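Listed here are the chains, written in short residue letters.
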Amino acid sequence: MDTYSEEQVDQILRYALAKRTNGQNLTKQQIYEIASDMGVSEADFLAAVQEWQSTQAVRKEQVEFDKYKKKSFKSNVLKFAIVNSFLVALNLLTSGRIGWAIYPLLFWGLAVALDAWVTYQTDSEEYEKQFQKWMQKQKRDRLTAQITGKLTTSLEEWLK
């Protein structure tokens, strides 16, 4: 008798579902019926759906965070290039060689390199810390916007 790992079962079922649906989307009820045919209880199915939705929400937030980090990094690189170009040009104009301008160029360049590492190395502990911090800020910002909106609406109604 053949035995299959969980990953292999997942892949086989994906192929079978792809053939069954012919690329069409399935409703939640249809998915539940398939799960029920496989012996999955309703409680387990609903828990799996909720876990999937939670995972999708986190992935969406991570995509937004990645966009934010990359935009921030590009902005920092642009500032680095502008300021250090000015400093090197000033140093060249005043002394005819690059002297003191190399120090801010090197130290700031190190900071930019570390920022690049954190921005593009998404499996690091630092990335996860920054993501969690960003998530907390997003929650605070949403709450602040809701409170501000309610206060503004109440104030506008009161002033009428």
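Details of the structure are given in the entry above.
Notes on the structure in this doc start here. (Residues numbered from 1 in each chain as written. Predicted model: local features only at pLDDT ≥ 70, side-chain atom pairs only at ≥ 80, totals over all residues. Heavy atoms only, no water.)

### Observations regarding the nonpolar core
Moving on, step 1. Ranked by size, the top nonpolar core spans 5 residues in total: F65, Y127, F131, W134 and M135.
Moving on, step 2. Per-element tally for this core: the top contributor is helix 5 (residues 125–159), with 4 residues.
Moving on, step 3. Ignoring sequence-local partners within four residues, the contact set of F131 consists of V58, E61, Q62 and F65. (Core = buried A, V, L, I, M, F, W, Y, C linked by side-chain atoms within 4.5 Å. Buried < 20%, exposed > 50% of the residue type's maximum accessible area, 1.4 Å probe, protein only. Helix = DSSP H or I, 4+ residues; strand = E, 2+ residues; numbered from the N terminus. Contact = heavy atoms within 4.5 Å.)

### Section: helix 5
Moving on, step 1. For helix 5, built from 35 residues, the straight-helix expectation of 51 Å at 1.5 Å per residue is met to within 8% by its first-to-last C-alpha distance of 51 Å.
Moving on, step 2. Among all positions in helix 5, only Y127, F131, W134 and M135 are buried.
Moving on, step 3. In this structure, the buried residues of helix 5 make contact with helix 3 (42–95) and helix 4 (102–120). (Expected span 1.5 Å × (residues − 1).)

### What to know about the layout of surface pockets
Moving on, step 1. Considered as a void within the structure, the largest pocket measures approximately 990 Å³ in volume.
Moving on, step 2. Lining the largest pocket are 25 residues, and of these D10, L17, I31, I34 and F45 lie nearest its centre.
Moving on, step 3. Put simply, the parts of the chain that give the lining of the largest pocket at least two residues each are helix 1 (6–21), helix 2 (28–37) and helix 3.
Moving on, step 4. In terms of residue count, the dominant contributor to the lining of the largest pocket is helix 1 (10 residues).
Moving on, step 5. In terms of residue class, the lining of the largest pocket is made up of 14 nonpolar, 4 polar and 7 charged.
Moving on, step 6. Considering only enclosed or pocket space, the second largest pocket measures out at about 190 Å³ in volume. (1 Å grid on protein atoms, 1.4 Å probe; cavity = no way out; pocket = protein on both sides within 12 Å on 5 of 7 lines; lining within 4 Å. Points joined across faces, edges and corners; volume = space filled by probe spheres on them. Nonpolar A, V, L, I, M, F, W, Y, C, P; charged D, E, K, R; others polar.)

### Digging into helix 4
Moving on, step 1. With 19 residues, helix 4 should cover 27 Å at 1.5 Å per step; its first-to-last C-alpha distance of 26 Å lies within 8% of that length.
Moving on, step 2. Inspection of helix 4 places V112, D115, V118 and T119 among the buried residues, and these make up the whole buried set. Projection of helix 4 onto a plane perpendicular to its axis shows the buried side chains occupying an angular sector of 120°, all on one side. Residues of helix 4 that are exposed and angled more than 90 degrees away from the buried face: Y103, L106, F107, L114 and W117.
Moving on, step 3. Buried residues along helix 4 sit against helix 3 and helix 5. (Arc of directions from axis to C-beta.)

### Let's talk about the side chain of N91
Moving on, step 1. Note on placement: N91 falls in helix 3.
Moving on, step 2. With a relative accessible area of 1%, N91 lands in the buried category.
Moving on, step 3. Within the local environment of N91, its side chain forms a polar contact with the backbone nitrogen of A101, the two atoms lying 3.3 Å apart. (Polar contact = N/O pair within 3.5 Å; in protein donor to acceptor, adjacent residues only side chain to side chain.)

### Structural notes on the packing of aromatic side chains
Moving on, step 1. Considering all chains together, one arrives at 9 aromatic pairs under this definition.
Moving on, step 2. A centroid spacing of 5.7 Å and a plane angle of 85° characterise the contact between F80 and W108, whose relative ring orientation is edge-to-face. Taken as a pair, F80 in helix 3 and W108 in helix 4 lie far apart in primary sequence, 28 residues in all.
Moving on, step 3. The rings of F65, Y68, Y127, F131 and W134 are connected pair by pair, giving a single aromatic cluster. (Phe/Tyr/Trp six-rings, centres within 6.5 Å; stacked < 30°, edge-to-face > 60°.)

Function cannot be read off these values alone, since they describe shape.
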